[in-house]
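# Examining the three-dimensional arrangement
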There are 2 protein chains.
Amino acid sequence: MSPAKVPAERTVTLKDVAEHAGVSPMTVSRALNKPETVSDALRARIDAAVDALGYVQNLVAGALASAGSNVIPVIVPSLSNTVFVEIVAGIQEVAQTAGFQLMLGNTEYDLEREYTAVSTFLGWSPPGMIIAGMRHLDRTRNLLKRWGKPVVETMEFGAQPIDMNVGLSHFKAGEAMTRHLVERGYRQIVFVGCRIDADYRAAQRYKGMDRVLARHGLARRDPISYTEPSNPERGGDALMEILDIKPKVDAIFFANDDLAVGAILRAQREGIAIPKRIAVAGFNGLPFASLVTPALTTIMSPRHEIGRIAAQQLIERISGRTPARRRVDVSFELQVREST
Amino acid sequence: MSPAKVPAERTVTLKDVAEHAGVSPMTVSRALNKPETVSDALRARIDAAVDALGYVQNLVAGALASAGSNVIPVIVPSLSNTVFVEIVAGIQEVAQTAGFQLMLGNTEYDLEREYTAVSTFLGWSPPGMIIAGMRHLDRTRNLLKRWGKPVVETMEFGAQPIDMNVGLSHFKAGEAMTRHLVERGYRQIVFVGCRIDADYRAAQRYKGMDRVLARHGLARRDPISYTEPSNPERGGDALMEILDIKPKVDAIFFANDDLAVGAILRAQREGIAIPKRIAVAGFNGLPFASLVTPALTTIMSPRHEIGRIAAQQLIERISGRTPARRRVDVSFELQVREST
DNA sequence: CTGAAAGCGCTTACAG
DNA sequence: CTGAAAGCGCTTACAG
């Protein structure tokens, strides 16, 4: 029952290291943080003292004294959706290499929770912040603007960022896919997603689709939005429902590949011919999308790259440099495969 | 080019709030941190001052003064693998609700980087730590033991944890799946994974398999381990290679569902009959596993639950209570479907 | 190149 | 219930 642990010892501080090495704390601080400002011999003596005492730098004290930490808060609406995780992974890659730590906030698509997360994180005196999306409470925007430090909004490319912005135009993505479907000869196209009210980026893709349909004088339908979160099974169900209730529909543009791949897997099982009976398109570019039969036509969104660029931009600004562009419109790629 | 920002103002501190409310800083601190110790009227006055000044508590200063923060470091070997992300999501869920923040470290399966992450994180005076896996450098184990605060090792259930442990027995999981395959009549079974040397949990599943094969006097093969990271396409390639080079093999136990689903999708495309020509089994329980044709036999690992329990155990201990069990062996579930 | 002083913004522990 | 003092462990800014 009793934890198998050595009792906690008194914390070893800079001062202890200094005494052990026979110098002042200030010198130790310098040797640790700017090794080049100190002679080799001294640095070696101090490193030895650090090892001997098992000294661990107190980052909290450092952050307070220098009025800033190297922790970058990253706020996402969900961790269940791979898309956000991949952005976080991209950020991590760059940030960790540059010596920054990531603090993770999850809002569950709740803008009030987003506000709480932002204001809490501000209390850690971070040098900057990365936040998913461009739709926030006015309070949140104002707080961040008044804060005055670098902020990157990711995911979508949009107008009037708080500060910097790295993402793609979901409107254009919707247009691109729809143009492809129209060229292929599909005339009765429907958009299917989950919780499109909250997933406003999906709504933007729908709007892009609607614009193209209107321009071609084709039938414009309201999007179909299910109330549960996106999951592959729901994609299959949606396919069957549409076939049953709206038999004239000849193509489905799904809000994401989870749904679209789910629809293809169901079609396989039910013996429904895709794209002959009905075409299926997705969005994101999941690994499985190219492996199902028929392979899924989709749009590759560069999540990892968005994360990396966001982190790079932020770190540029933290380091006092000015990135070439405040707003970065990352490109997407239409992958035409067998399902359309 | 010039950022659209309000210039940064002087930081609003506790003292400012105190002056504004006409009380001492100490009283404001109490009103904020232990609202119940202060009269309603006073609390209202202080809340008003906080709002008026836009005060944000400086958590760094608080952490230094009280020699502890509410930041919990979470260290994982990868963010590209859903399994770890789901554990992080489970931890988040519990931790964020309880008022803790997560700091995220990614080791990329590198034990040296793990040590660096651990020792850096210690500098944030966290109240505890969650780390994936039970295989660490001796230095890392010692550092954590000497630190003396609560630590949870997750993913696998194993002997001699640093402190607490929540996970499942991968050895038993390997045994369970192999027993199933043997019962079904498969006799020439091979284990296929990627980077099994680094993914020692996969190696444990292999050992469980080997044990069962030995007990039944069946052919025991070395595992096949590819050098690239796990991805669905590799699963398909592996299937084709085995069919070609080891035609007698009648069942493949893949190290994870990504590989196994990839194999099934390839079999579909190539017209290979599963399980008739060769059976396929996986591990993890991905959403797509039940949707492919044939549906994949796999083992459901409760990643989310592991994360939640790990966070609960940690927070129990942080709060000074003693969890009922220091080691939690979460159960897994064999899902027999069509592919075996 | 090295050090003594002051201070970062809180909370702990002690008084009243 | 409220406050004055001391201190958390560093770094900044200034001397030497």
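What you see is a predicted model; the values in this text were computed from it and never measured.

## Quick notes on the sheet that holds strand β1 (residues 71-76) of chain B
What the 12 strands build is an open sheet, ordered β11(A)-β5(A)-β4(A)-β3(A)-β1(A)-β2(A)-β2(B)-β1(B)-β3(B)-β4(B)-β5(B)-β11(B); its pairing is mixed. The two strands at the open ends of the sheet, each matched to only one other strand, are β11 (327-329) of chain A together with β11 (327-329) of chain B. On average, adjacent strands in this sheet sit at an angle of 20 degrees to one another, irrespective of strand direction. Across four bridges, strand β3 (residues 129-132) of chain A lies against strand β4 (residues 151-156) of chain A in parallel orientation. Considered in β4 of chain A, the bridge of I130 of chain A is made with V152 of chain A.

## Thoughts on the sheet that holds strand β8 (residues 251-254) of chain B
All names here are of chain B. The sheet built from four strands is open, its strands ordered β7-β6-β8-β9 with parallel pairing. Two strands lie at the open edges of the sheet, namely β7 (224-226) and β9 (279-281), each paired on one side alone. Along the sheet, successive strands turn relative to each other by an average axial angle of 20 degrees, direction set aside. As paired elements, strand β6 (residues 189-194) and β7 share three bridges and run parallel to each other.

## Section: the protein's contact with DNA strand C
Close to DNA strand C lie 21 residues, the nearest being T27 and R30 of chain A together with S29, N33 and Y55 of chain B. Looking at DNA strand C alone, sugar and phosphate atoms form 62% of those within 4 Å of the protein. R30 of chain A is positioned such that a nitrogen or oxygen atom in its side chain is 2.7 Å from a base nitrogen of DNA strand C. With respect to DNA strand C, the backbone of L14 of chain B contributes an N or O atom lying 2.9 Å from a phosphate oxygen. Elements that contribute at least two residues to the surface near DNA strand C include exactly α2 (25-33) and α4 (59-65) of chain A together with α2 (25-33) and α4 (59-65) of chain B. Residues of the surface near DNA strand C, tallied by class, amount to 11 nonpolar, nine polar and one charged.

## What about the relation of the copies chain A and chain B?
With an RMSD of 0.1 Å, the operation that places chain A on chain B is a rotation of 180 degrees combined with a shift of 0.1 Å along the axis. Taken together, the turn and the small shift mark the pair as related by a two-fold rotation axis. Residue M103 of chain A of chain A places its C-alpha closer to the rotation axis than any other residue of that unit, at 2.2 Å.

## A word on the pattern of salt bridges
What the rule picks out here adds up to 28 salt bridges over all chains. Its salt-bridge partner being K172 of chain B, residue D329 of chain B comes within 3.2 Å of it at the nearest N-O pair. Taken together, the residues D329 of chain B in strand β11 and K172 of chain B in helix α8 (residues 170-183) connect sequence positions 157 residues apart. Judged by relative accessible area, which is 35%, D329 of chain B ranks as partly exposed. Residue classification places K172 of chain B among the partly exposed residues on the basis of a relative accessible area of 41%. Taken together, the shared-partner salt bridges connect D163, R317 and R326 of chain A into one network.

Parameters and conventions
- Residues numbered from 1 in each chain as written.
- Chains lettered and ligands numbered in written order.
- Predicted model: local features only at pLDDT ≥ 70, side-chain atom pairs only at ≥ 80, totals over all residues.
- Heavy atoms only, no water.
- Pairing = 2+ DSSP bridges.
- Helix = DSSP H or I, 4+ residues; strand = E, 2+ residues; numbered from the N terminus.
- Axes fitted to C-alpha atoms, helices over the stretch in contact; angles between N-to-C directions.
- Near = heavy atom within 4 Å.
- Polar contact = N/O pair within 3.5 Å; in protein donor to acceptor, adjacent residues only side chain to side chain.
- Nonpolar A, V, L, I, M, F, W, Y, C, P; charged D, E, K, R; others polar.
- Least-squares fit on C-alpha atoms with pLDDT ≥ 70 in both.
- Salt bridge = Lys/Arg side-chain N within 4 Å of Asp/Glu carboxyl O.
- Buried < 20%, exposed > 50% of the residue type's maximum accessible area, 1.4 Å probe, protein only.

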